[in-house]
Structures are given as structure tokens and as C-alpha cells.
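One-letter residues, chain by chain:
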Amino acid sequence: MEKINRRTAIKTGLGALAGLSVGELIRLDPLMPGEAFAKAGDVVRNRPRRRIDYSKAKYVTSVCLNCSTVCGLIGTVIDGKLVKVAGNPNDPNNGFSLCAKGQASVLVSEYPERLLYPLKRAGKRGEGLWQRITWEEAHAEIARRIRSAMDQGVPEEVAIHIGRSRLGEEFGRFLSAIGSPTQLNHRALCSSAKRAANYISLGETDWETIDAERSKYFLNFGSNFYEAHQGAIHLARRVVKARAELGAKLVTFDVRLSNTAGRSDEWFAPTPGSEGAIALAMANVLLAENLQDSKFIATWCDLSEAEIRAFVAPYTPEWAAKESGVPAADIKRLAIEFGRAAPTCAAFTNRGSDAHYNGMHNSRAVVMLNAIVGSIGKPGGYCYGEEPRVPAFFADVEPRPPRPTRTSVLENPPEYPLANKWQRMRVGQLVYAYLKENRAKIQVYLSYTLASPTTWPEGRSLAVDVLKDESKIAFHACSDVVYSETAHYADMILPDAAYTERWGFDFRNNFALRRYVTLRQPMQKPPGECLSFADSLINIAKRLGPDVAKYYPFDSHEEQMRMRMQKHVFPSGENGWDFMRRTGVWNDMEQQTFHELYNWELTAKQLEGAKLDEATGFYRKAGADGVERVIGIRVDGKARRGFPTPSRKFTLRHPDLIEAGNKVGWPDDGLPRHVPIPAHADMPADRFHLVSFKWNVHTQGRTAPQKLLTEIVHDNPMWINTQTAASLGIKTGDDVEITTYRPKGATYQPTGEKVGSAVVRVVVMEGIHPRVLAVSNSLGHMYGGRAATAKSAPRGTNPSYSSDPKTEDSDLAERVWWDKAVGGKGAGFNINAILPIQPSPLVGMQGWYDTTCTIRKV
């Protein structure tokens, strides 16, 4: 680190970044007074709207990444600049459709405060003092530190921590090449309970693909798919079609009147965490009314109909009404309606029912309803496909490194044995806690588009404390597009290429129920010296010595992608590289749709070398590794695929749950069940449930810097029920202090003690459960530019502090009207700061909706 003295010239503010030379110093602190920003040049006035000359346009396919739905895009590019995007009609999921976040893709490359050059910390960590360096220097230092960990025999102390990457293969290749298993993610903060429930029940995949456009009845437990569900636009447009053309009914259970609830035929606000109780009672009703599909149960369920009847007998509608607050008569009526619509019906979940201590069991109980009525895999029913993956003809470049043999408690915490049972879901909210407790060490921490200080529970306290502590994280290199809060606490900043500027494959579950894959390709060049993190990893790997470099027979990510695609020739005569760059999507139109995937007959090729176990009906076959595995089951005299569960059937009693529960001292009988939430038991009268939620224009911490999205939603007052507010003397516009408390039960730090307090503004409404308070997430940024932080330059100063004068935006220079200094409401509040870490038992899903709190008017 360069020695700093009073004579050392230090430039200030992002406005000085464009003119920063190698070796010069700059101070980047978004909390500094406005007049400290760059003052050179004239105020940029509002630019007249330009007419687009489409005669010069080129059209480039790619993939959106403003959320995890990853819609196909067609970008209009003029003179190398992306000016417009539309949906790619070749994409089977979104087609021509795009949401507001997708349309905002044109903004992703044009943040005026965009990072442009590699920077190295020149002061204390978190001080905001940086020195511009070259990519040569950046990659060399990172490689030196990684090589040191490898030579010490502890490659697991090198970690990549991702926010939303869609570069899993690339990161896995790099970590495997150096022998580290420590790839960290945020899946436990997002959806691990839902994914576990599908793996337990279906064995095939982690996410259902409802055949919504053919369905006539939807039971929705906690999914806000009209705006924020994974695959939201894909599902929403098909539900809309089914309701318009087939008269389908949509019933939603959600603690607040979300956009989906508001568009439903019926909405119920249950007690948080009671969704599984409602589903279990519906199962009771379906069997009591003989609305079950007896043939499906007898053929494809691991329990007999008699066993299921006995199992659900105690779960009556009256019992569920006490647990949930939903009237017993409604539970019974809805169950009967659902059963009569079978098999063209689907019951499904998302975070509203899953982000709980009992979320995995809630989701299992809901999925079970589909099995009871026989809608699993049926047209119009609860369908699913094979696990989405890149097709074999686009396989990664050889040679590929072997999987690491080292282990890391950060990547695989033993307290949560199901977190990595089916896929590496991990328990990301515990990473900083375990580092603080010295349960693991990190020598090199590579963060990628990770906004943990704003999106992690206790992010502004625990996460920031650990990020600042060099004894916990020895070296931190952050790859990001803007000067984020994570970047502020790094030792080195690697300016990343935005998703509109880089390469990669992508896919999700396909609502056309076929195999497919999309190609993300650059629609324009990145500004300055911005470089895709995938390219940085390639460059670093080649510096680590021949034992690592041998796994990188390519010099760039583009070359790697070309090598993967060009060897395959499509029927059109095009090689894969040309075909994918032209169309953006490969759809497997030769394969039958995934309807009743479990009932598919095994092919002669699949049965080659297989043996039939007469006792179980299983077909077993040795794989390339010599290990014998079950590949199917004999049903009706034929070899069929079945469900890839231990029983090869839809599973209600799962042995892995029983084993995992016994392993960690949290007994589980393997069946879907209602698990009372300890923090909710005997809640004092002055306690409330505090939940968070997403808006349709925001995704975690990545969208707030995009001005048009934040202009739409930049404020997040606390929702409170009208009657509750009246009883407390609270009205819309009042400020209240929220105080949160730690959880109880089999979770992290189950003390019930205070976590933190914050003052927020209130909005009073009918559309929320009387004992629930709700504050949206994704807001309350301290870093990330003027749109995210709601900051204008003070009157009388130059408002321009673009990192590149060519991209200065007059809207941000003069029109951040939500800035409190000019009468706006500000940038909102970061609610995650006062939400406790609370992973659920066995799988580790964050209990976002289990937090209890008190409030007082201030």
C-alpha cells in the first residue's frame, strides 16, 4: 500500500474517475457532502429526445439478468449502442413479453456512476480511498494470494461469493482447478425450502413448471407471481390466458394484498406460517369427499390410500381454522372445488409459505395435494421437467478439473444436512457469522455482484463488521458494475461487464415443457476498462502455474463459448456458434413434452446393461464410474422412468428426512406435517409478525441504481392494518419505531433477544393481516449512485459526478425528485438490517417471515 501524506494528490468523487491515471488516488465516499463531487465542466441540461434511425439498426439476441427469470431479449443496437430491447420470440418462456425490469436493460450499461478501472485500496478498509491500478497488477496480486493458499494446502480458504451470477459453470471450473469447494451463494435466502420440498416429493427437479395455460384451478400459497416469483412473467401470462379462455379460478393465500392477491378471485390472509396446516386440512377433505385419484395413488405414491387417510385424519378443517384464522367452511369449500377441477388444477407455493421455520413442510403439504388428486404431470396440472442444464452437445471444454476433495464449513455447514443433499444450496446467511466465530478462515474472498450489506439479514451490522475485519477476511476483491456497499469494504475493485456486455449460457424451467437453452451475448462493448469477471478468472488461472492453467486451453470467455458451440452442427447446416448467436435459443422440438415424465417408458438404449430387481421392481445399471444406480421401475409390466426418489415414486415419507433429523437431534417422521413456529408460540399481545416483500421493479440490491426503476419505487413505508392502526392511534404518514427480536427453536442464536430498532414511515390499509406488518426490501441504499441513494447535488454546485462525462445523465444531475433535500421521500429503509439470521431446521432456509417485533409511535 502506497504511503499517503499531506502532499499526496487525492482526487475526489466519481466525477474524477474518468480522468484518473494509473497510480493516482481517488476518494469514493457516497456519504460525503454534495459539494465534494467533481466541479469541472458545465451543468448538463436536459437533452432533447432523439429520434432513433432504425435504418442503421442491428439486432442482437441475448438474455436479461435484472432478475432470476432470465427472459430472452432482442436488442436494437445503433452505432454500437444498445437503444431498445424487446422479448425474443424464440424464447419459449417469455416470447415477446418483457416486464419493466427487462425493459430497463438499456440502462444497465449506462450508470453515470459506473466503475471504469481496477482500483486498489489505499487507506483503511472502508475508508473509501483508492488507487487506480492496471489489470496486470490486479490479476497478478490475486493470483499470488490464491497460489499462496494452494501451496499452504488450504485451497478451501479461497472463496467465490456470488449474488446473481448465472456463471455457475465458470466459477465451478475455476474453484475445482485450484481445489477449493468454497463457492458461496444466497439460495438459502431465496428458495431452498421450496426446492427441497420438490426434490423430496418428485426427486427430479427443484422447481415445478405448472401447465398453467391448460389449468382450470390454481391454489396459490404465498406466491406473488404477478410481479416477483421466479419465472413470474412466464407463469403470469399463462395464468392470464387460462383465466380468460378457460375461466380458470385463482385463489391466493398471502398475509398481505400483493398484486397477485389483488388479482385473484379469492384472497385469504392466514396467520404467517400456517399455510401447511391449511393444505393438510384440504388433503383431509379431498379424501373424505372421495375426490382422490385412487389409481395414481396406488401406482405412483409410496404410501397406500389407507395410509394417507390415516395420516391426514387429525388435520381437520376446524383444526386448521384455529391455526390459520381461515374459516373451516372456506377450507372445505376450496378443497372440494380443487378436487372437482382435477386433473387440470395445481397447488403451488413460494416465499410467502416457504420462508418460515416450517417452510419445507408447508411446501411439501401443498405439493401433496396435487398427488392426491392425480394432477402431477398431467396437462393443466402440476408439471415439472428434467433438471435444466446445458445440452450435452454444448459440453464444456476439455480437460475439466476434478471435483475438490477439500471441505469447508462455510459451504457445507453440518447443522443443515439437507442444504446440499440434492444440489449445493448452502446456508449463505451463516457465512459471516461463522467467520466471526472463527469456524472458518478466508485468505482470498472474491465477491461477485454481491450486495450482502443490504440484502443479508443483519447485513448492516454483522456482514459489514466481518467485511471490515482483515483478521476474518484477509483479502477481498469485489467485482461489480457500480460502487456498491460491498465494493466499499473491499481491498480491490474489479469493474465488471454488465450482463448486456458479456457471454454465458442460461436457462430456467421451460413452461413449454421441453429442453432448451439460451445464449447471453454482448449487445454492446463495456465502457472504460470494464471486464467480465469470467475473463478475469481465466486470466488469473493462467498465472497460477501449469497445474491450473492446463484446464484453460482458451484465452477468453468468448473463445471458451465458441469452442463449446462450434463443434455441433444443427439440421439447418449452421454450427452451434452461428445458430445460437443468430437465434439466441435452442428448443428441443424433437423431444416429447415433459407431461407425465414419471410414466415415460425407458428406451432400449437406456435399458442396455440394466438388471431388474424382481423384489423391488427397480431397474439398476452401472454408470461410467462403475457405481450401480436405479434408473427406473417396473409398472404395468413395463420399464418406466418413475420418480427419482428412493422409492421411485412420489414420496410422502422420505427416509432422508428421518436420517437427517436424527443426525442433528431434530426428529422428523419423514411425512409432511405442521411444525409450529417457536417464535410465534404464545406471542405477547404487543408483538407483531414482520414480513418483507419484493416489488415488480426491483431485485435484491441490483436494480436500485437504475433510474427509471427507482423512480417508480424508491420508498418503502411500513404496511399496517386499518383496525390495528386505529387501536394504536397511528395514521398514514406517522413515524413508528420497529424493534425486532431473535427467533426461538432449532435455529441460529435462538435467544429471543432484541436485534435492532429503526424508525419508518407508516401507510395504513385494509389489505394486510391485523397482526402483520410489512416493509419491502431492495431499498435503503447508502451506495450505488444518485438514483439508489436519492441524492442531488446542493443548490449552487455542479450536479455532475458521472464517472464518464460522456454518460452523464441530466435526469440524475437535476431531477432526483425523491431526494429528501428537495422535498422527496428519500431512498427508503433497509429492513434487512434489523431482521435476524434464522435458518430453518435441516435445510437452512432463511425465515424471513418469522420475525417478531414491537412498534411504538414516535
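Residues numbered from 1 in each chain as written. Predicted model: local features only at pLDDT ≥ 70, side-chain atom pairs only at ≥ 80, totals over all residues. Heavy atoms only, no water.

Chemist: What is the right way to look at the overall build of the chain in this model?
Modeler: Across its full length, the chain carries 27 helices and 29 strands. Radius of gyration (C-alpha) of the chain: 27 Å, near the 29 Å computed for a compact globule of 858 residues. Considering only C-alpha atoms, the chain reaches an extent of 85 × 70 × 60 Å along its principal axes. Among the 858 residues that make up the chain, the fraction classed as buried is 63%. Pairs at least 24 apart in sequence give 72% of the contacts found in the chain among residues at least 6 apart. In the form shown here, the chain has an accessible surface area of approximately 31,500 Å², with 50% of it arising from carbon and sulfur atoms. Of note, the chain has its 109 positive side-chain charges centred 2 Å away from the centre of its 95 negative side-chain charges. (Helix = DSSP H or I, 4+ residues; strand = E, 2+ residues; numbered from the N terminus. Rg over C-alpha atoms; globule rule 2.2 N^0.38 Å. Buried < 20%, exposed > 50% of the residue type's maximum accessible area, 1.4 Å probe, protein only. Contact = heavy atoms within 4.5 Å. Areas by Shrake-Rupley, 256 points an atom, 1.4 Å probe, with all protein chains shown as cover. Lys, Arg positive; Asp, Glu negative; His and termini not counted. Charge placed at Lys NZ, Arg CZ, Asp CG, Glu CD.)

Chemist: What exactly am I supposed to notice about the sheet that holds strand E22 (residues 628-635) here?
Modeler: Sheets are built from strands paired through backbone hydrogen bonds, the pairs being either parallel or antiparallel. Spatial strand order, E20-E21-E22-E23: 4 strands in an open sheet with antiparallel pairing. Of all strands in the sheet, those with a lone pairing partner are strand E20 (611-613) and strand E23 (638-640), marking the two edges. The mean inter-strand angle of the sheet, taken between neighbouring strand axes irrespective of direction, is 40 degrees. With 5 bridges connecting them, strand E21 (residues 618-622) and E22 associate as antiparallel partners. Paired with Tyr619 across the strands is Gly632, a residue of E22. (Pairing = 2+ DSSP bridges. Axes fitted to C-alpha atoms, helices over the stretch in contact; angles between N-to-C directions.)

Chemist: Honestly, the domain arrangement of the chain in this entry has me stumped. Any pointers?
Modeler: By a widely used convention, the size of an interface equals the accessible area lost when the partners come together. When cut into domains, the chain gives domain 1 (134-190 + 392-506 + 522-566), domain 2 (203-372), domain 3 (601-640) and domain 4 (679-790 + 827-857). Taking only C-alpha atoms, the centre of domain 2 and the centre of domain 3 are 34 Å apart. (Domains from an automatic or database assignment.)

Chemist: Please explain the packing of aromatic side chains as it appears in this structure.
Modeler: Any aromatic ring pair is given by two values, namely how distant the centres are and how the planes are angled relative to each other. With the rule as written, the count across this model stands at 33 aromatic pairs. Aromatic side chains Phe171 and Phe533 sit 5.6 Å apart centroid to centroid with 65 degrees between the ring planes, which places their arrangement in the edge-to-face category. Remark: Phe533 occurs in helix H18 (residues 533-542) and Phe171 occurs in helix H3 (residues 168-178); sequence separation between them is 362 residues. Summarising the burial analysis for this pair, Phe171 and Phe533 share the class buried. Where Tyr432 meets Trp456, the ring centres are 6.4 Å apart and the plane angle is 70 degrees; that geometry is what we call edge-to-face. In this pair, Tyr432 sits in helix H14 (residues 431-436) while Trp456 sits in the loop between helix H15 (452-455) and helix H16 (459-468), placing the two residues 24 residues apart along the sequence. Look at Trp456 and you get buried, because its relative accessible area is 2%. Of the aromatic side chains, those joined through ring pairs into one cluster are Phe296, Trp300, Tyr384, Tyr598, Phe643 and Phe650. (Phe/Tyr/Trp six-rings, centres within 6.5 Å; stacked < 30°, edge-to-face > 60°.)

Chemist: Looking at this structure, I do not really get the side chain of Ser479. What am I missing?
Modeler: Mapped onto the elements of the fold, Ser479 is located in strand E15 (residues 476-480). Using a relative accessible area of 1% as the deciding quantity, one classes Ser479 as buried.

Chemist: Could you clarify how one ought to interpret helix H21 (residues 576-583) in this entry?
Modeler: Residues separated by three or four positions in an α-helix point in the same direction, a consequence of the helix having 3.6 residues per turn. By the burial criterion, the buried members of H21 are Gly576, Trp577, Phe579, Met580 and Thr583. End-on, the buried residues of H21 take up no more than an arc of 165 degrees, which puts them together on one face. In this structure, the buried residues of H21 make contact with strand E3 (58-63), strand E18 (516-520), helix H20 (557-565) and strand E19 (585-587). A side-chain oxygen of the first residue of H21 lies 3.0 Å from the backbone nitrogen of Trp577; this N-cap is Asn575. Phi for Gly584, located one or two positions after H21, is positive at around 80 degrees. (Arc of directions from axis to C-beta. Polar contact = N/O pair within 3.5 Å; in protein donor to acceptor, adjacent residues only side chain to side chain.)

Chemist: Just checking my understanding: could you explain the pattern of salt bridges for this structure?
Modeler: Between side chains of opposite charge, pairing is possible as soon as their charged atoms come close. Scanning the model with the defined rule gives 56 salt bridges in all. The shortest N-O distance in the salt bridge between Lys11 and Glu24 comes to 3.3 Å. Remark: Glu24 occurs in the loop between strand E1 (10-12) and strand E2 (25-27) and Lys11 occurs in strand E1; sequence separation between them is 13 residues. Its relative accessible area of 30% is what places Glu24 among the partly exposed residues. For the salt bridge of Glu411 with Arg426, the shortest nitrogen-to-oxygen distance reads 3.4 Å. Linking Glu411 in the loop between helix H13 (359-373) and H14 with Arg426 in the loop between H13 and H14, this pair joins segments that are 15 residues apart in sequence. What makes Arg426 buried here is its relative accessible area of 8%. Here the residues in one salt-bridge network are Glu204, Glu386, Arg515, Asp588 and Arg641, joined through shared partners. (Salt bridge = Lys/Arg side-chain N within 4 Å of Asp/Glu carboxyl O.)

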